[in-house]
Each structure stands twice: as structure tokens, then as C-alpha cells.
Amino acid sequence: MKNKHQDITNQKFGRLLVKHKTTQKNSSGTYFWLCQCDCGETTLSLAKDLRSGHKTSCGCYRKERAIESKKLKLKGQKYGRLLVLDETESRKKSDGKIIWKCKCDCGKEVLVNGTDLTKGNIVSCRCYHREHHVPKLDAIRRSNLVEDTKLDMLTSKTRKDNKVGVRGVYFNKKRNKYQAYIKLQGKRKYLGSFDTIEGAKEARLRAEESMYQPILEKYQK
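Quick look at the structure, then. Throughout this description, residue numbers start from 1 for each chain and increase along the sequence as written. Selection of residues for local features in this predicted model requires a pLDDT of at least 70, selection of side-chain atom pairs for listing and counting requires 80 or more, and totals for whole chains, interfaces and linings are taken over all residues. Side-chain descriptors were evaluated using all non-hydrogen atoms of the structure, hydrogens and water having been removed beforehand.

Some points on the packing of aromatic side chains
Using the following cut-off: Two rings belonging to Phe, Tyr or Trp (six-membered ring only in the last case) form a pair when the distance between their centres is within 6.5 Å. Interplanar angles under 30 degrees mark stacking, angles over 60 mark edge-to-face geometry, and anything in between is tilted. Comment: elements are numbered from the N terminus, with helices defined as DSSP H or I runs of at least four residues and strands as E runs of at least two. Only protein chains enter the accessibility calculation, which uses a 1.4 Å probe; a residue is then buried when its area is under 20% of its type maximum, exposed when over 50%, and partly exposed in between. For a ring to carry a charge above it, either NZ of a lysine or CZ of an arginine must fall within 6 Å of the ring centroid while also lying within 35 degrees of the normal to the ring plane.
As enumerated under the stated definition, the model contains three aromatic pairs in all. Judged by centre distance (6.3 Å) and plane angle (55°), the rings of Tyr170 and Tyr181 are tilted. Placement of the pair is Tyr170 in strand S11 (residues 169–172) and Tyr181 in strand S12 (residues 177–184), with a sequence separation of eleven residues. A residue is classified by how much of its surface remains accessible, and Tyr170, at 33% relative accessible area, is partly exposed. Judged by its relative accessible area of 16%, Tyr181 is buried. Each member of the aromatic cluster is reached from another via a ring pair, and the members are Tyr170, Tyr181 and Tyr190. Residue placement shows Lys21 over the ring face of Tyr31; its charged tip is 4.9 Å from the ring centre.

Details of the pattern of salt bridges
Applied cut-off: By convention in these notes, a salt bridge is any Lys or Arg side-chain nitrogen within 4 Å of a carboxyl oxygen on Asp or Glu.
Across all of its chains, the model carries eight salt bridges by this definition. Glu109 is the partner of Lys101 in a salt bridge, and the nearest nitrogen-oxygen pair spans 3.4 Å. The partly exposed category is assigned to Lys101, whose relative accessible area is 34%. Assessed through its relative accessible area of 41%, Glu109 is described here as partly exposed. Here the salt bridges share partners, and the residues they tie into one network are Arg167, Arg204 and Glu208.

Description of the pairing of strand S6 (residues 82–91)
Stated precisely, the cut-off is as follows: In this scheme, strands are said to pair when DSSP sees at least two bridges between them.
Looking at chain direction, strand S5 (residues 78–79) and S6 are connected through two bridges and run antiparallel. Its bridge partner being in S6, Lys78 is matched across the sheet by Leu83. Hairpin connection of S5 to S6: two residues between the antiparallel strands, including Gly80 at a positive phi of 65°.

Some points on the sheet that holds S11
Operational definition: To obtain each axis, a line is fitted to C-alpha atoms, and for helices this fit is confined to the stretch in contact; angles are then taken between N-to-C directions over 0 to 180 degrees.
The strand order across the open sheet built from three strands is S11-S12-S13, with neighbouring strands paired in antiparallel fashion. Only two strands of the sheet have a single neighbouring strand rather than two, namely S11 and strand S13 (187–194). Strand-to-strand twist of the sheet, defined as the mean angle between neighbouring strand axes without regard to direction, takes the value 30°. Strand direction decides the pairing type here: S11 and S12, joined by four bridges, are antiparallel. Bridge assignment links Asn172 to a residue of S12, and that residue is Lys177.

Some remarks on the state of the cysteines
To keep it simple, the criterion reads: Disulfides are defined as pairs of cysteine sulfur atoms found within 2.5 Å of each other.
Applying the stated criterion across every chain yields a total of zero disulfides. Of all cysteine sulfurs in the structure, the one in Cys39 sits closest to Cys58, which takes part in no disulfide; the separation is 3.5 Å. Cysteine Cys60 shares no disulfide, and the gap to the nearest cysteine sulfur, in Cys37, comes to 3.6 Å. A residue is classified by how much of its surface remains accessible, and Cys60, at 11% relative accessible area, is buried.

Overview of the nonpolar core
Across soluble globular proteins, nonpolar side chains show a tendency to be buried alongside one another. The condition is simple: Nonpolar core, defined: a set of buried Ala, Val, Leu, Ile, Met, Phe, Trp, Tyr and Cys residues in which side-chain atoms within 4.5 Å join the residues together. Throughout, a contact is declared for two residues whenever any of their heavy atoms are within 4.5 Å.
If you look at the biggest cluster of nonpolar residues, it comprises 13 residues, and the most contacted ones within it are Leu82, Val84, Trp100, Cys102, Val110, Val112 and Leu117. Examining the composition of this core, we find that four residues originate from one element, strand S7 (residues 98–104), more than from any other. Residues within four places of Val112 in sequence aside, it is in contact with Leu82, Ile98, Ile99, Trp100, Cys102, Leu117 and Ile122. Counting residues in each nonpolar core, the second largest holds ten residues, with Ile8, Cys35, Ala47 and Leu50 among its members.

Thoughts on the environment of Met153
Turning to its location among the elements, Met153 is positioned in helix H5 (residues 151–154). Judged by relative accessible area, Met153 falls into the exposed class, the value being 52%. Measuring from C-alpha to C-alpha, the distance between Met153 and Tyr212 comes to 9.8 Å, with 59 residues separating the pair along the chain.

What about the sheet that holds S5?
Spatially, the four strands line up as an open sheet ordered S5-S6-S7-S8, and their pairing is antiparallel. The outermost strands of the open sheet, each flanked by one partner alone, are S5 and strand S8 (109–113). Bridge count between S6 and S7: six bridges; the pairing is antiparallel. Along S7, the bridge assignment pairs Leu83 with Lys103.

Here it is as C-alpha cells:
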């Protein structure tokens, strides 16, 4: 019982320097002591936890050990084509995470955020992207299929069964109106009904300019 009330002010336990006893108690009625950690943070602790070595820091030591453990797990590991060589002094600006020096199977060395490695966001120095994604994009361009749209359909001629001679314009006998439509990415859009074929044609041309032309300019080179 003697140790329970012993003054431990100014005593050091691990990284914690005891400042003074507080008025706060736990559920058993034991007082907490205010301690200052070597890192500058303060924390509350019971005297028994300090003496037993159960608590030796404000929590910073545990965090450092976790980081060190993670470092050891990354170094020498292989993620995709990247072999983790070593930790660098650089840190990611947004969250301070470690930047690792890695060597790709192709021989090139790159710097990669550890999170991107473990989550599989980055698997090479970009050689994988060049080998797989660029040829795929070229194949898509060759097939004329872009953004769920065939380029040749955007420039196709008027269908033979179109009786008015204007692409996307049809005459509705019941309403006695010319109706204009345009189709993109598998969806047909109604442009309106018009008394004259000229009005319907103008609406169709405006729609082609706003919907077709940007895609054609982007992919037709």
C-alpha cells in the first residue's frame, strides 16, 4: 500500500518525465499522474503502469515501432515488377508517407510512395503501361471504337431507307412534321419536330457540331 501514495514527481520512466499528480481518478479511485514525453507531448498515467514498464511513452514509441516494422516488411519485397531497395529521405507532401527507392525488372530505378506499392497502384516504372495500355489504345483507334462510339458512324452517309434524304431526319405522316434525331454512345436523342425539312436539317447539323465534332477532332488525326 505504501507505493500507492508514493510521490513520483520528477521521476523518469522510459520516455516519460512525471510532472505532478492530478485530481483525476480511474474507476478504482487511483490518481493519474501528468507526464511529459521526450517528444514534447503530455499524457496521463497511473503510477503502477509507469513502475511496471507498461507505459513508457505518450504512444509515440508504439507508432515508431509500427513504422519501423512496416519499413522492414517493405524493404526487399517485390510488388509487381518493382523490387523495393531502400527508404529515401523524401516524404509525400500531402501526408508525410515514406518514398521508397525501387528497381524495376527492366532495370530502371524509380521512387514510389509505399502506399501505392502495397495497394498495387504502381507496379512498374511505367514500362508495363507502355507494353499493355498503349497497344490497346492503338488497337481501339484502329477499330474506330472510341468512347463507346464508332468513328465511322459519325461520318456515315444517309441510310438508303431514309426517304427525305437527310441523315437523322424523318417525316412523321401522322403529325405531318419533320422530326430530327441524333444517336451517340447507343442512345438516341430527339431534337424536335419541324414544319420544314430545312428546319429539321439545321437542328441535326447543330447537334452534329456539338456532339460529333469534338470526338472527331480528338481521335481523327
